[in-house]
Amino acid sequence: MEALKLELKEKIIKVLNLEDIAVEDVNDDDALFGDGLGLDSIDALELIVMLDKDYGIKLLDPKEGKSIFQSINSMAAYITEHRTK
Amino acid sequence: MQREIFITETNIITPLGFDVATNIQNIENKISGIQLHHDKKFSENPFFGAMINGEELDAAFGKISSSSEFTRLEKMMILALHPIVKTVPDQNTAFLLSTTKGNITELENKSELPESAYLQNLAKKIADFFNFKTEPIVISNACVSGILAVATAKRLIEANLYDDAYVVAGDEFSEFVFSGFSLFQALSDKPCKPYDSSRNGLNLGEATAAVYITSDKSLAKKGDIKIIGDGAINDANHISGPSRTGEGLVRSIESAFKESGIQASQIDYISAHGTATIYNDEMEAIAFNRLGMKNVPLNSMKGFYGHTLGASGLLETVIGIESARKNRLFISLGFDEIGVSESVNIIAENQDSDIKYFLKTASGFGGCNTAVIFEKI
Amino acid sequence: MEEIKTYITAYCKIEKNQISLDGETVFHSEELSFQDFSKKSYQQFELNYPKFFKMDNLSKLAFLASEIILKGNLESERENNIALLFANKSSSLDTDVKYQKSISDKNEYFPSPGVFVYTLANICMGEISIKNQFKSENCFFIFDAFNSQFMADYGNLLLKTGKAEKVLCAWTELYQEEYQVFMCLVSKEGNLENTAENLEKLYKR
C-alpha cells in the first residue's frame, strides 16, 4: 500500500495544482479537506474523476466521497478494495 | 429630471411556445417544457431536459427569412426579437445581448476556432438582421446575464447615454454545458423540484427572450412595467458555490430597494432563481429571510423551463411581467414540501393576486447575483 | 445625479512578458509561455496565494494585474466598495477550447471540473472578489476591442449613481499565447479625469 500512497500524493499535487506542496509535506493521516490540505468542493469533484480515470472506480453516491477522501490512508484503503484498474 | 425607464414589449421562444401567450397558456395548464430525452450525444442514460423542437424552430424561422446563414441560437434570438422591433433603431438605440456560451456548439468537431464562436460576431449578425446602428453591448456574466442586461440597459438609458434599447438573451442546450453540469453532480435524475425537500439538482433547458426598454413615456401603456431599482453584487465567497449567508444576493436586493424608494413589505411577488440544487435554493431562502421577505409569494420558473442559463434572467422576467399584468401568481412547478432551512412562501397553485411591485433575482457561477425591482404602471 | 468627478488613479498593463504600473516597467522576462511567465510574475511579486495555480490563464492574467494595481490602494480599516468592470473579445474561449477537446473523444472521456468552472469569463472577477473580499458590483462585457468610450461611461455611471466608490476597469483579453490586460483604478479623487480620451491614451502608451 505504501507505493499507492506515494502515488496518490503525487497525483493529488499534480491534478489539484498544489504548487507549493511537495510529497514529503503530506502525511498519510493529514486531513485533506478543511484545515489540513485545505481542499474544497471542486477538488472533491476532481478526486472523484481521478478515482474513475486512474482506478476504474465509479462513485455512485458522491456523498461517500467525504469519508473516502478524508486522508491519504482512507483513500488508499478504499482504492485497494475497489479498484478495477 | 430623473428619467423613467419602461419595458413596453416582450417576447420569448421556448419549448412551451414561440410567443408569450402560448407560454402562459401552458403555464396555466401546468404543462412543463421539461421532458425525458433519449440522446446518446448527451448521455448514455435517458435524462430530463427542456429543448426546443428543431423542426418547429426552422419552420418558424423560415417564415421570416430564407437565409441558411444563421446558427440555431441565432435563429432563436432573431425569432425572439422579430415581433418586437417596431421602432426604427438609430444612434440612440442600444442593443444588448446576453449569453453565457453563445454559439458554443460550433466548437464541436472543429480543428480551428470558428468566427461564430466569438460573442461579438454572434451579436453583430443579430444586429445586422435588424439594422441596429450601435455597437452591440454583449454581457456574458454566467446565469445572471439575462437580468443583468435589463439592469445595464436601464442604467445606460438613465445616464442619457441612450434613449432606448433592445435586449435579447439566449443560450442553447449543449453537450458542452450538459457534460459540465454532469461533472459537477448538478443534474437531477428527475424533473427538478425547486425548494423541495427531495430536490437533487437542476435540469438543463434552452430559450431566448427579448424586450424593448425605453425612456419614452408616450410609448408606455397601462400594464407596462417600470424598472425602479437594481443591484448586482458579488458574494466574494467561492467561484462555484453560493455564499451560505446569501451575502451578495442580500446586498444586491438592498441596493435595488435603496434606489427604488419602496420597502420590502411592498413587494407582491418574487421571481427567484430556484435552480433546485441543494445549495442555491438554501442560499436564497436565507437571503429572503434576512430581508424580511419570507411571506412574499415566491416561485422559480425552472420547473417549467429548466435552467436556461443566459436566457433565464430575461425569460423569467417576461413571465413575471405577465404575472403582474394579469394579477396572477404562477405555480412554482415541482414543489411539494419545503426543503430549505428558512421558511419561504412558495406559490403552490396558479391563483389570482394583486401585483404592483415584483422582484426578480438571479445568481450564478463566480459568485455573481443580480436583483431588479419592477413596478406595474 | 450628484456632480461627482471621476479620475484614473492607477493603471497596470501586462503583455508580451512585460508588466508595467502607471507607465513604468515593474517586471519583464525573456520570452516565455504565458504559463511560465505568470508563474515567474507570481514569484517576483511574492503573491503568496496558492489558489493562483488552480486558475485558468484568463483568471491568472486578471488576478496578476489586480494584485499589482491594488497594492497600497486598499483600505484595511473598512470594506472596499470597488466595482469590477471587465471586458474582452474572446470571453473564456481559451479554456472553452481546452474543455471541448476533453469531451470530444468518447473513448478518452475524462473532462475536469476544475477546467469546466473556468469556462465563464466572469470567473476571473469572482477570483479577485474572493481574494480581496470585494462584495461589489460586477459585470463582464464582450467587445471586439478595448472600448474606451463604454468603459469610461459605464465606470462613471457606477460612481455617479453611488453603486460603487471606486471602479476597477479592465480590458482582459487572452487566447492561447496572445494576451493583454489593461487595468485602471477609477476613483472620485485624483488628477487625471476618467474620460474615453485619457483611457485611450494610457492604453496605447
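Before reading on, note that the structure itself is shown above.
What counts, and at which threshold
Residues numbered from 1 in each chain as written. Chains lettered and ligands numbered in written order. Predicted model: local features only at pLDDT ≥ 70, side-chain atom pairs only at ≥ 80, totals over all residues. Buried ≥ 20, exposed ≤ 12 C-beta atoms within 10 Å, placed from the backbone. Helix = DSSP H or I, 4+ residues; strand = E, 2+ residues; numbered from the N terminus. Arc of directions from axis to C-beta. Contact = placed C-beta atoms within 7 Å. Pairing = 2+ DSSP bridges. Nonpolar A, V, L, I, M, F, W, Y, C, P; charged D, E, K, R; others polar. Core = buried A, V, L, I, M, F, W, Y, C linked by C-beta atoms within 7 Å. Domains from an automatic or database assignment. Axes fitted to C-alpha atoms, helices over the stretch in contact; angles between N-to-C directions. Parallel < 35°, antiparallel > 145°, perpendicular 65-115°, else oblique. Left-handed = near helix turned anticlockwise from the far one by under 90°.

J.: Help me out: how do you make sense of helix α6 (residues 175–183) of chain B in this one?
T.: Three or four residues apart is the spacing at which side chains of an α-helix point the same way, because the helix has 3.6 residues per turn. Residues F176, V177, S179, G180 and L183 of chain B constitute the buried set of α6 of chain B. The buried residues of α6 of chain B occupy an angular sector of 165° when the element is viewed end-on, so they sit on one face. Those residues of α6 of chain B hidden inside the fold are in contact with α2 (41–55) of chain A, β7 (204–205) of chain B together with α3 (93–102) and α4 (113–116) of chain C. Once α6 of chain B ends, the next one or two residues include Q185 of chain B, with phi positive near 55°.

J.: Looking at this model, I keep getting lost on the sheet that holds strand β2 (residues 35–37) of chain B. Mind explaining?
T.: The strands making up a sheet are joined through hydrogen bonds of the backbone, oriented either antiparallel or parallel. All names here are of chain B. Taken in spatial order, the 3 strands of this open sheet run β2-β3-β7, and their pairing is mixed. Each of the sheet's edge strands pairs with one partner strand only, and the pair in question is β2 and β7. In this structure, strand β3 (residues 47–50) lies alongside β7, joined through 2 bridges in parallel fashion. Counted as the bridge partner of A50 is G205 from β7.

J.: Any chance you could explain the interface of chain B and chain C here in plain terms?
T.: Interface extent is often summarised as the accessible area lost during association of the parts. Between chain B and chain C, the contact holds 40 residues from the first and 37 residues from the second. Listed by contribution, the elements that provide at least two residues to the side of chain B that touches chain C are α4 (119–130), β5 (137–139), α5 (145–158), α6 and α7 (247–260) of chain B. Per-element accounting of the side of chain B that touches chain C gives the leading share, 5 residues, to α6 of chain B. Among the residues forming the side of chain B that touches chain C, the class breakdown is 22 nonpolar, 14 polar and 4 charged.

J.: What's the story with the nonpolar core in this structure? I'm lost.
T.: Most often, soluble globular proteins keep nonpolar side chains buried together rather than apart. Ranked by size, the top nonpolar core spans 212 residues in total, and within it A165, V167 and L314 of chain B together with A65 and M183 of chain C carry the most contacts. With 9 residues, the single largest contributor to this core is helix α2 (residues 57–70) of chain C. Residues lining this core come from more than one domain, with at least three contributed by each of domain 1 (6–218) and domain 2 (225–376) of chain B. Not counting chain neighbours up to four residues away, the residues in contact with L314 of chain B comprise S98, G146, I147, A149, V150, V167, A169, A209 and V211 of chain B.

J.: Any chance you could explain unusual backbone geometry here in plain terms?
T.: Only a minority of non-glycine residues have a phi that is not negative, and only a minority of peptide bonds are not trans. The phi dihedral of L309 of chain B falls on the positive side, at around 55°, and the residue is not glycine. Here L309 of chain B lies in the loop between α9 (302–305) and α10 (312–326). One non-glycine residue, N17 of chain C, adopts positive backbone phi at about 65°.

J.: Would you explain the packing of helix α6 (residues 148–160) of chain C against helix α7 (residues 196–204) of chain C in this entry?
T.: For any two helices packed against each other, the geometry comes down to the angle between their axes and how far apart the axes lie. Residues and elements named next belong to chain C. Look at α6 against α7: their axes get within 8 Å of each other, and the N-to-C directions meet at 125°. Relative to α7, the element α6 lies oblique. α7 is crossed by α6, and the crossing has right-handed handedness. Residues S148, Q149, M151 and A152 of α6 pack against A196, L199, E200 and Y203 of α7. Per-class residue counts for the contact of α6 with α7 are 5 nonpolar, 2 polar and 1 charged.

In short, shape yes, function no, at least from these values alone.
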